[in-house]
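Each chain, written out:
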Amino acid sequence: MCLGIPGEVIDIVDRSEHLATVAVNGVHRTISARLLAEDPVRVGDWVLVHVGFAMSKIDQREAELTLDQIRKLGKPYEEEMDAFMDTEIV
Amino acid sequence: MSLPEGATPPTPKAASPAGRQVASESEVLDRIEAVRRRRPRLKDETVTLAHGAGGKASAALVDAVFIEAFGAPNPAELTDAAILTVGSVGHGGTPVDGESRPWACRIALSTDSYVVNPRRFPGGSIGDLAVNGTVNDLAVSGARPVWLSTAFVIEEGLAVAELRAIAADMRAAADRAGVAIVTGDTKVVPKGAADGCFITTAGVGIVPDGRVLGADQVRVGDRVLLSGPLGSHGMAVMMARGNLAIEADIQSDSAPVTAAVEALFVGVPQVRWMRDPTRGGLATVANELAQASGLGVLLDEEALPVRPEVRGACDMLGIDPLYVANEGVFVAVVPADQADAALSAVRRAGGAGRGDGPGAGAAMIGRIVANPPGLVTVRNAFGGTRLVDMLVGDPLPRIC
Amino acid sequence: MRFVDEFRDPAAARRLLAAIDAEADRLGRSLHFMEVCGGHTHTIYRHGLERLLPDSVDFVHGPGCPVCVIPMGRVDDAVWLAGQPGVIFTTFGDMMRVPGTAGSLLQAQAAGADVRFVYSPLDALKVARDNPDREVVFFAVGFETTSPSTAVTLARAEAAGVRNFSVFCNHVLITPPLRAILDADQVAIDGFIGPGHVATVVGARHFDFIPREYGLPIVVTGFEPLDILQAVGMLLDQHAGGRREVENQYARVVRDAGNPAALALMGEVFEVRETFEWRGLGAIPRSGYAVAPRYARFDAEVRFDMPGVRVADPPACECDRVLTGQIKPWQCRVFGTACTPEIPIGTCMVSPEGACAAYYNFGRLA
């Protein structure tokens, strides 16, 4: 449910109306940042966009931490997997 | 419960968690796939927009109404152009018109109607679509397009300036494709009876000797070539409608594929099958190939070319580029040992590194497999495989 | 794409899968995890994750597809509204194909109704402002992720004094159906892949009741393949360590307390209905939102004399048992034969996010 995609804030269109423009892979859309009014969005922020609304700011540090954890979890299996991939018949 | 015609009822075997007797998972899935492989059937009482979207609903309508009335040699393979033989030899084998030497020539005949909203969009207009679409239908049937006819249904009130611009686009596209618009017709209908302007074109092309294309030519192991990135036309038009308020630098790929197709035939004379993935997208033509050949089509997800902006727009709207319309690319099946030759021939025709003409972004996107027969599958980066069904209706933006 | 591609790295996925395999082996028993969201179901099938995971890890597809859960009677009401003179009926594209007893909105459009799809509820409001002589109705559907956007739209409509706009409110809450499923007999669920996008609004802490009252682990999870695999690993870890808690795998987006501004707006614009009917699950108390009396003039159910006829789910349908994890989609007696994505019978087949549709479209082929 609830298709949400990351977009980068590239412009504040109207601060009082909470309108901002986000870019997704070079595609632009003006969205409402009203739901983030308590911590207003700034150009350069990344936000999760759903039905034309910024739902949440994306925390870049947390994203890195999650990726680190994922890498750590798989670490012990790295050699095993590399060996497996070398033998994979395509 | 009534099962659709031809489906076998499940055989009682394993007990379900609730203690009910059901067939095994693979038996159920086999049964469903048998149903899926069949041509879709028309169940609607009225025509809806889905019947024009180029997917399952379109196929069902054509089968139930037009094939029913007109007949077709092989309903499973309805191509966009008919290949016909003309010449001095009549049906009975006797020379006609008193000609001394018998002669024969294969021509391709194709027709298509163009209704697009808006009529002008980044990268094209209804005018160049009306030419390129019919030219491309001829080209992928193996023909060299020569002549076009055009018919206009115009709604009262259309500005003459706009009609002039459309005609100029048609002329430019015809010149680019090397075809002549040789005859036409104009009808004007009262306001409300049409939306602005509808165009129908028909085209005739000559099929050079030795070209034999068809799903029956396709063999297991053959490779699938796509001549350029997916989804640009459909997304350009969707963005240009403006109601989604999304701004994207997406140009329609509307263009004649004739040069790239001719280059392919020079590089690889044994091309097996070709089609242009217009409405319904790559997913739909791949399914048509699978059904008509009785073989499987295995696509490689990572190899599918999609421009970043097209992917961005698709992701924003929850639309799969596999189902989005294209107007300047073609899909070709070629023998595996000629895949490299095919790719470089098509890329060269598109201007390879420097240009962006049709063919420049060509890629090998998959191969023909024995199993599962009649179905299209996509292998993703994880090695997982999923089925790709035909388009069910027009792609709609979704929130979930 | 940033924050997407990194979470689709195949090499990392393979290593995670190896780690999951080893952990599942150590546990040595089968575990059934419910992914609450249709979005998760979609990712699982699209990337073939179910086939890549060990046999002992099994997914149960949850009720979190807001399109699927709308009962046929409500779809009939929507079609009725779309057919009223002067009405422009606006909807997300997802709802266009969902069948009621008198057809879908797409069929209503073919019959002449002015049905338009929009990307955002704010776009529906714009349609109203651009067409002051027409009545514009927005078909509001969705869980807590989507309801704040409707709330903002109504607040703006009021501030701007728009008079020709209303919403047909079908917003639903995620907790009541989860409780209904957990309270039912014969439920085989060992943990939850928690709804990441709902949690952006309600917060990760909102799901404390699952470990506290039902003794089950839940991991609030993102929507990319690596997110889901990591969440499976975290659930297995909780089982291995005998822990039962809420963990937040999707910390890059989800905060513990959610989005207080969104929650406040929802409280102002909506009120919880005494009961709301769910397709496949029946009537569930306090599970849906209605427009609050203060905003009644924007409430299509007040503004129009709607038929509101209740329509029972088709009897052949076994969606309720699919949704509670009692049977797999393929075990339903109409799956794939009488019930297909083109002609769906049950809730799970109506949207590509539904468990049965995902299974049908992307199914099998290891």
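Read on for a plain summary of the structure. (Residues numbered from 1 in each chain as written. Chains lettered and ligands numbered in written order. Predicted model: local features only at pLDDT ≥ 70, side-chain atom pairs only at ≥ 80, totals over all residues. Heavy atoms only, no water.)

### Examining the overall build of chain A
For step 1, the next point in the chain: Of regular secondary structure, chain A possesses 2 helices and 5 strands.
For step 2, the next point in the chain: For chain A, the N- to C-terminal ordering of α and β elements is β-β-β-β-β-α-α.
For step 3, the next point in the chain: In chain A, buried positions account for 47% of the 90 residues.
For step 4, the next point in the chain: For chain A, contacts bridging at least 24 residues in sequence account for 30% of all contacts bridging at least 6.
For step 5, the next point in the chain: By element, 51% of the accessible surface of chain A is carried by carbon and sulfur atoms, the whole surface being about 4,600 Å². (Helix = DSSP H or I, 4+ residues; strand = E, 2+ residues; numbered from the N terminus. Buried < 20%, exposed > 50% of the residue type's maximum accessible area, 1.4 Å probe, protein only. Contact = heavy atoms within 4.5 Å. Areas by Shrake-Rupley, 256 points an atom, 1.4 Å probe, with all protein chains shown as cover.)

### Points about the state of the cysteines
Residue and element names in this part refer to chain C.
For step 1, the next point in the chain: Under the defined criterion, the tally for this structure stands at 1 disulfide over all chains.
For step 2, the next point in the chain: Each sulfur of the disulfide joining Cys65 and Cys68 lies 2.4 Å from the other. In this structure the cystine formed by Cys65 and Cys68 twists about its S-S bond by roughly 75°; its chirality is therefore right-handed.
For step 3, the next point in the chain: Exposure remark for Cys68: the relative accessible area of 3% places this residue in the buried category. (Disulfide = S-S within 2.5 Å.)

### Looking at a nonpolar patch on the surface
For step 1, the next point in the chain: A contiguous nonpolar patch, built from Leu42, Val65, Phe66 and Phe70 of chain B and spanning about 380 Å² of accessible area, is present on the exposed surface.
For step 2, the next point in the chain: By secondary structure assignment, the location of Val65 of chain B is in helix 2 (residues 56-70). (Patch = residues over 30% accessible without salt bridge, like charges linked within 9 Å, V, L, I, M, F, W, Y side chains within 5 Å. Salt bridge = Lys/Arg side-chain N within 4 Å of Asp/Glu carboxyl O.)

### Thoughts on the pairing of strand 1 (residues 5-14) of chain A
Residues and elements named next belong to chain A.
For step 1, the next point in the chain: Bridge analysis of strand 1 against strand 4 (residues 46-50) gives 4 bridges, and the strand direction is antiparallel. What sits directly across from Ile5, in strand 4, is Val49.
For step 2, the next point in the chain: Taking the residues between adjacent antiparallel strands as the criterion, strand 1 and strand 2 (residues 19-24) are bridged by 4 residues, where His18 takes a positive phi near 60°. (Pairing = 2+ DSSP bridges.)

### A closer look at the interface of chain A and chain C
For step 1, the next point in the chain: Facing the 39 residues of chain A at the interface are 54 residues of chain C.
For step 2, the next point in the chain: The contact between chain A and chain C buries some 4,000 Å² in all, and 67% of this surface belongs to carbon and sulfur atoms.
For step 3, the next point in the chain: The interface formed by chain A and chain C includes 2 salt bridges.
For step 4, the next point in the chain: A salt bridge links Arg156 of chain C to Glu17 of chain A, with the shortest nitrogen-to-oxygen separation between them at 2.9 Å.
For step 5, the next point in the chain: If you look at where chain A meets chain C, you find 11 residue pairs in polar contact (both at pLDDT 80 or more).
For step 6, the next point in the chain: Elements with a minimum of two residues in the side of chain A that touches chain C: strand 2, strand 3 (27-32), strand 4, strand 5 (53-57), helix 1 (60-74) and helix 2 (78-87) of chain A.
For step 7, the next point in the chain: Element by element, the count of residues in the side of chain A that touches chain C is highest for helix 1 of chain A, at 9 residues.
For step 8, the next point in the chain: Class assignment for the residues of the side of chain A that touches chain C results in 21 nonpolar, 10 polar and 8 charged. (Buried area = accessible area lost by both parts, 1.4 Å probe. Polar contact = N/O pair within 3.5 Å; in protein donor to acceptor, adjacent residues only side chain to side chain. Nonpolar A, V, L, I, M, F, W, Y, C, P; charged D, E, K, R; others polar.)

### Regarding helix 9 (residues 339-349) of chain B
For an α-helix, 3.6 residues make a turn, and residues three or four places apart therefore share a direction.
Residue and element names in this part refer to chain B.
For step 1, the next point in the chain: Listed in full, the buried residues belonging to helix 9 are Ala339, Ala342, Leu343, Ala345 and Val346. Down the axis of helix 9, the buried side of the element spans an arc of 165°, and every buried residue falls inside it. For helix 9, the exposed residues set more than 90 degrees away from the buried face come down to Asp340 and Arg348. (Arc of directions from axis to C-beta.)

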